[in-house]
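Working through the structure, step by step
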Amino acid sequence: MTLSRAYILAKIKTATQPSAHPRWSALIPKRGQADKAGRTDMFVQEAEYGLATIVRVPVFEKVPDAVANVLRECNILKIKAAPQTVLQNLNWSGVDITFGNATADDLAGLVVAKAGVAETGTLVLCSGARTPTALNFLPDVHIVVLREQDIQDNYETVWQALGSDTGMLPRTVNWITGPSRTADIEQTMLLGAHGPRKLVILLINEKPG
Amino acid sequence: MTLFSQPNPQCHDFLNGAHDALANDRLQKQLAKSLKDGFQKKRLKGMSRLPEYEQLRDRARDIKIHTLENLDLYLEQFETQVINAGGQVHWAKDDGEACQIILDICDGVKAKTVTKGKSMITEEIGLNAQLKAQGIVPIETDLGEYIIQLRDEPPSHIIAPAFHISKEQVADTFRQHHADQKRDRDLSEPTTLVHEARTELRAKFLSADVGITGANFLIAESGTGVIVTNEGNGDLTQSLPSVHIAVGSIEKIVPTLEDADTLLRLLARTATGQELSVYTTFFSGAKRTTDMDGPEQFHLVLLDNRRSDLLGGPLHDVLRCIRCGACINHCPIYGKVSGHAYGWVYPGPIGSILTPHFVGVDEAHLLPNACTMCGRCEEVCPVRIALPKLLRIWRGRAFEAGYPAGLQRLALKIWAALAKRAGLYRWMARLSVFGLRLLGPLRPYHLPKPQGGTFMDRYNGGEK
């Protein structure tokens, strides 16, 4: 295979003329440049366009109540949550919650998002020591906590927030825009193909303290 | 020994395939519904939601032009970064070598089953047949791919592989293959079908030894691969097994994360009218030591398969393609003959440019001729590939190779001789108009009665 490497690169070198990267200024659509006041509205509008459900939660401490409501509505008895300290520190009395990665029989999953993107109402979740990737895909109902101050205008600012300039990206970065769907049978759109059929975003409106 | 693994082409049989498709009323209805009222309308809606769409197309084209000019440098940068992130890069010069690399990796972990995310490139290298020959079970997990795998059919569209199959046919297929389920269950609703496939595939996701995906983009600066899906199958494929193999061709490279952003703003919008696919996933290397899950091993197979032969040549621009499927969705020929008639992996206008390169002009000379030169493919291409121009190049090459032969060739030569002599051509056109009128009701039924004189006579006569 090292032979193939040399062979392919040599062929490319003879066929092309190198040039410097033009360092284009980023071409960011206007709706990815909302002002601070419009950012949350843009996120909500686009997330709902992508068929996510938005639940506004006034303060982080109220997350367990909001989760309990979602579980009741979906008729699900328990939930698996990412072992993030902020979640573990909440008072979960009355909610059957365990912390860890998802298994096949988990019907609901909970995680705090790394960021949101206003431009397309997209959630940004990263793999890590306390954030398993499978939890984003195995459960039927995916509940994601997003703090308003973590909403970025556009993809470009998300990369900066993830530290792409200085370090290595996490192994997996998931951009999630709505619940799982398929149109593979006669082009009819149906929800819940392999991933969650319902995506609930708990949007925390509190100001950073 | 080099493996020859790419699927057997049936392009020489295009005319029979086209006749079969035209005679299939169900397929014709489905094509009309899914293209005009489906993909085409959705793209228009997606475009209307983003005023900067045209500017983004220009930028996307420029990104691709620049990347191809410096492809070797970006490939090397990409390789270094994948290795830094704990992954391995395998260079494959052709289909056989790519399959061999993948078989060796599977052998290394004694793999019995492999889950697969939707990937046209693994169709191109004929991977499933090779896996099966080694006793490894490949399981397609995209719903459309799963359906056609059960039916043992090739995909008929690059982003909607089971596009040609009705829900009744899907129900029959599931009844036949999902033997554990009750035979008389109600499968009339698509929702039930999706749910059944979800349940069947869940267990397979969890027990697979290796997950194989394609890659929509490969980002040089960070050594990152990107896949986009709506179902989430590609993510279960790459996060549950202990080995993830991604197969990407060399032209999928983009220099920076920001460049990928630009292309992602166009890809789903042009393909399905979505702002983004539901799941856009960026993967860099293997699981980190402290990560809760993810693949212990990550392998990136970089495939050339003679794409480097296209660089710098007349067909160079086809390497800009990001496989959105828009040219296919807007092609009037594809809209009547569907995907299987094209006889190889990539159908529609993009296929008619790629296929002759991969399988040879002797096999595929009919494909570039299955085109009305209407130009809609070029109009909708997000990276502004002049597809009709490239199809014309293949027509020229086919003619040089002796296609078409016989009377058709003679007729073309006569026409060419006339077309080079404007005066004579005009006289012949007048004669044809006269002749057709003279024939009256004896005219062949598909030729309309001439309305007035020739175009040039009417134009010179003041009609404009």
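Shown above is the structure to which this text applies.
So, on to the overall build of chain B. Across its full length, chain B carries 21 helices and ten strands. On C-alpha atoms alone, chain B measures out to a radius of gyration of 25 Å, which is about the 23 Å that the 2.2 N^0.38 rule sets for 464 residues. With respect to the principal axes defined by its C-alpha atoms, chain B has extents near 85 × 60 × 50 Å. In chain B, which comprises 464 residues, the share counted as buried stands at 52%. Restricting the contact set of chain B to residue pairs at least 6 apart, pairs at least 24 apart contribute 76%.

For the rest of this paragraph, the subject is the overall build of chain A. Scanning chain A for helices and strands turns up five helices and twelve strands. For the C-alpha atoms alone, the extent of chain A along its principal axes is close to 70 × 40 × 40 Å. With 209 residues in all, chain A has 47% of them scored as buried.

Moving on, we get to the interface of chain B and chain A. Contacts between the two partners involve 78 residues from chain B and, on the opposite side, 63 residues from chain A. Split by residue class, the side of chain B that touches chain A holds 33 nonpolar, 25 polar and 20 charged. Where strand 9 (residues 172-176) of chain A lies against strand 9 (residues 279-283) of chain B, five bridges are found, and the strand directions are antiparallel. Within strand 9 of chain B, the residue paired with I176 of chain A across the bridge is Y279 of chain B.

Here we take up the nonpolar core. Grouped together as the largest cluster of nonpolar side chains are 179 residues, with contacts concentrated most on A113, I201 and L202 of chain A together with L263 and V301 of chain B. Sort the elements by how many residues they give to this core and helix 12 (residues 257-272) of chain B lands first, with eight residues. Here I201 of chain A is in contact with A47, A52, T53, I54, L123, V144 and L146 of chain A, once residues within four sequence places are set aside.

Mapped onto the secondary structure, R397 of chain B falls in helix 18 (residues 387-400). In this structure, the C-alpha to C-alpha distance between R397 of chain B and P356 of chain B, residues 41 residues apart in sequence, is 10.0 Å.

Let's shift gears to helix 19 (residues 406-419) of chain B. Given a rise of 1.5 Å per residue, 14 residues ought to cover 20 Å, and the 20 Å separating the end C-alpha atoms of helix 19 of chain B matches this to within 8%. Counting buried residues along helix 19 of chain B, only zero of its 14 residues qualify, which leaves the element largely exposed.

All names here are of chain B. Of the two faces of strand 4 (residues 210-213), the one lined by V210 and I212 and the one lined by G211 and T213 are each fully buried. Where strand 2 (residues 113-116) lies against strand 4, three bridges are found, and the strand directions are parallel. Opposite T115, over in strand 4, you have G211 as the bridge partner.

Turning our eyes to something else, we now look at the sheet that holds strand 4 (residues 108-112) of chain A. Residue and element names in this part refer to chain A. Overall, parallel pairing links the six strands, which are arranged 1-12-7-4-2-3 in an open sheet. Where the open sheet ends on each side, the last strands, each with one partner, are strand 1 (53-57) and strand 3 (96-99). Here the strands of the sheet are splayed against their neighbours by 25 degrees on average, with no regard to which way each runs. The sheet contact formed by strand 2 (residues 78-81) and strand 4 spans two bridges and is parallel. Paired with K80 across the bridge in strand 4 is G109. Its contacts with the sheet put helix 3 (residues 63-74) on strand 1, strand 2, strand 4, strand 7 (141-147) and strand 12 (198-204), and the angle it makes with strand 7 is roughly 155 degrees.

What follows deals with unusual backbone geometry. Residue and element names in this part refer to chain B. Cis geometry is found at the peptide bond from Y403 to P404, where omega equals -5 degrees. Note that P404 resides in the loop between helix 18 and helix 19. Despite not being glycine, M373 has its phi angle at roughly 60 degrees, a positive value. Position of M373 relative to the elements: it lies in the loop between helix 16 (361-364) and helix 17 (376-380). Residue M373 is classed as exposed on the basis of its 11 C-beta neighbours within 10 Å.

Here D261 of chain B shows up in helix 12. C-alpha of D261 of chain B to C-alpha of A60 of chain B: the two residues are 201 residues apart in sequence and 9.8 Å apart in space. Look past the residues within four positions of D261 of chain B in its chain and what remains in contact with it is Y155 and E156 of chain A.

Here the focus is the packing of helix 9 (residues 167-177) of chain B against helix 10 (residues 190-207) of chain B. To characterise two packed helices, one gives the angle between the axes of the helices and the distance between these axes. Residues and elements named next belong to chain B. Direction vectors running N to C along helix 9 and helix 10 enclose 35 degrees, while the axes themselves pass 10 Å from each other. Considering how the two elements wind past one another, helix 9 and helix 10 form a crossing that is left-handed. In this structure, helix 9 contributes K167, V170, A171 and F174 to the contact, and helix 10 contributes P190, L193 and E196.

Moving on: helix 2 (residues 25-48) of chain B. Residue and element names in this part refer to chain B. With 24 residues, helix 2 ought to run about 34 Å at 1.5 Å a step, and its terminal C-alpha atoms sit 33 Å apart, in line with that. The principal kink in helix 2, of about 30 degrees, is found at L35. Buried residues of helix 2: L27, L31, S34, L35, G38, F39, K42 and R43, and no others. Taken together, the buried residues of helix 2 touch helix 1 (14-23), helix 12, helix 13 (326-329) and helix 14 (334-337).

Basis of the calculations
- Residues numbered from 1 in each chain as written.
- Chains lettered and ligands numbered in written order.
- Predicted model: local features only at pLDDT ≥ 70, side-chain atom pairs only at ≥ 80, totals over all residues.
- Helix = DSSP H or I, 4+ residues; strand = E, 2+ residues; numbered from the N terminus.
- Rg over C-alpha atoms; globule rule 2.2 N^0.38 Å.
- Buried ≥ 20, exposed ≤ 12 C-beta atoms within 10 Å, placed from the backbone.
- Contact = placed C-beta atoms within 7 Å.
- Nonpolar A, V, L, I, M, F, W, Y, C, P; charged D, E, K, R; others polar.
- Pairing = 2+ DSSP bridges.
- Core = buried A, V, L, I, M, F, W, Y, C linked by C-beta atoms within 7 Å.
- Expected span 1.5 Å × (residues − 1).
- Axes fitted to C-alpha atoms, helices over the stretch in contact; angles between N-to-C directions.
- Left-handed = near helix turned anticlockwise from the far one by under 90°.
- Bend = angle between axes of the 7 residues up to and from the residue.

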